[in-house]
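Working through the structure, step by step
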Amino acid sequence: MLEDIQEILLTEKQIQARVKELGEEISRDYTGKDLVLVSVLRGGVVFLTDLIRAITLPISLDFMAISSYGPSTESLGVVRLIKDLEESINGRDVLVVEDIIDTGLTLSYLMRNLESRKPASLGICTLLDKSVRRIVDMTVHYKGFDIPDVFVVGYGLDYGQKYRNLPFIGILKPEIYLGENVS
Ligand code: 5GP
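Residues numbered from 1 in each chain as written. Predicted model: local features only at pLDDT ≥ 70, side-chain atom pairs only at ≥ 80, totals over all residues. Heavy atoms only, no water.

Digging into unusual backbone geometry
Applied cut-off: A run of H or I in DSSP counts as a helix once it spans at least four residues, and a run of E counts as a strand once it spans at least two, with each numbered from the N terminus.
The linkage connecting Leu 41 with the following residue, Arg 42, adopts the cis geometry, with an omega of 0 degrees. Mapped onto the elements of the fold, Arg 42 is located in the loop between β2 (35-41) and α2 (45-52). The backbone of Tyr 163 shows a phi angle near 80 degrees, a positive value even though the residue is not glycine. Following the sequence through the fold, Tyr 163 ends up in the loop between β8 (152-153) and β9 (169-172).

Structure below.
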């Protein structure tokens, strides 16, 4: 796997330090609230499992799975819900935990869907933000790192289901995905 990585963008140490800070911030902000963390399968799971151990409050966890259509290095915002939450979020404080926000199309679909269930509050926590590529405007309440417009893998993020278990975030060599029909 390592031979496919062009450059390490964020080291394991940098990620762990930032996740700890985010956990502390969330713990402060949600004291006394009924916090439900909603994670989007599968990429967000590695971040989620580290983040919850940095949160010092009682929390609930729930999961959604969506599938996006189109080439795997681009999102078209055409999203299908393939696994729904197990529990009601009505009147609860929901924080969506994402691995990466790129155009924002996927998350805006998800936020509309969750908003309709009338949570007490609805926040976004993302590890990575490619804000230069944003199409849909949205407020990101907690952000790990801003990153440039590069395709990254590792720490949960995949290309063709590979590289999720790398402990760092790296830029994938373009020749790995060149030849795929990306627009
Ligand atoms: P958006 O709808 O915000 O454009 O896309 C979000 C989704 O696209 C992410 O949840 C992720 O699945 C995928 N994605 C966007 N950028 C990257 C990237 O650099 N690396 C990987 N592995 N996936 C990405």
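Back to the write-up after that little detour.
Points about the pattern of salt bridges
Applied cut-off: By definition here, a salt bridge exists when the distance from a side-chain nitrogen of Lys or Arg to a carboxyl oxygen of Asp or Glu is within 4 Å. For each residue, the accessible area found with a 1.4 Å probe, counting protein chains only, is set against the maximum for its type, and the residue is called buried under 20%, exposed over 50%, and partly exposed in between.
Under the counting rule described, the total for this entry stands at 14 salt bridges. Across the salt bridge formed by Arg 18 and Glu 21, the nearest N and O atoms sit 2.7 Å from each other. Taken together, the residues span about one helical turn, with Arg 18 and Glu 21 both in helix α1 (residues 12-29) at a distance of 3 residues. Of the residues examined, Glu 21 reaches a relative accessible area of 42% and is grouped as partly exposed. A salt bridge links Asp 146 to Lys 143, with the nearest nitrogen and oxygen atoms 3.0 Å apart. What makes Lys 143 partly exposed here is its relative accessible area of 27%. Members of the salt-bridge network, linked through shared partners, are Asp 129, Arg 134, Lys 143 and Asp 146.

By themselves, these are just geometric observations and shouldn't be taken as functional.
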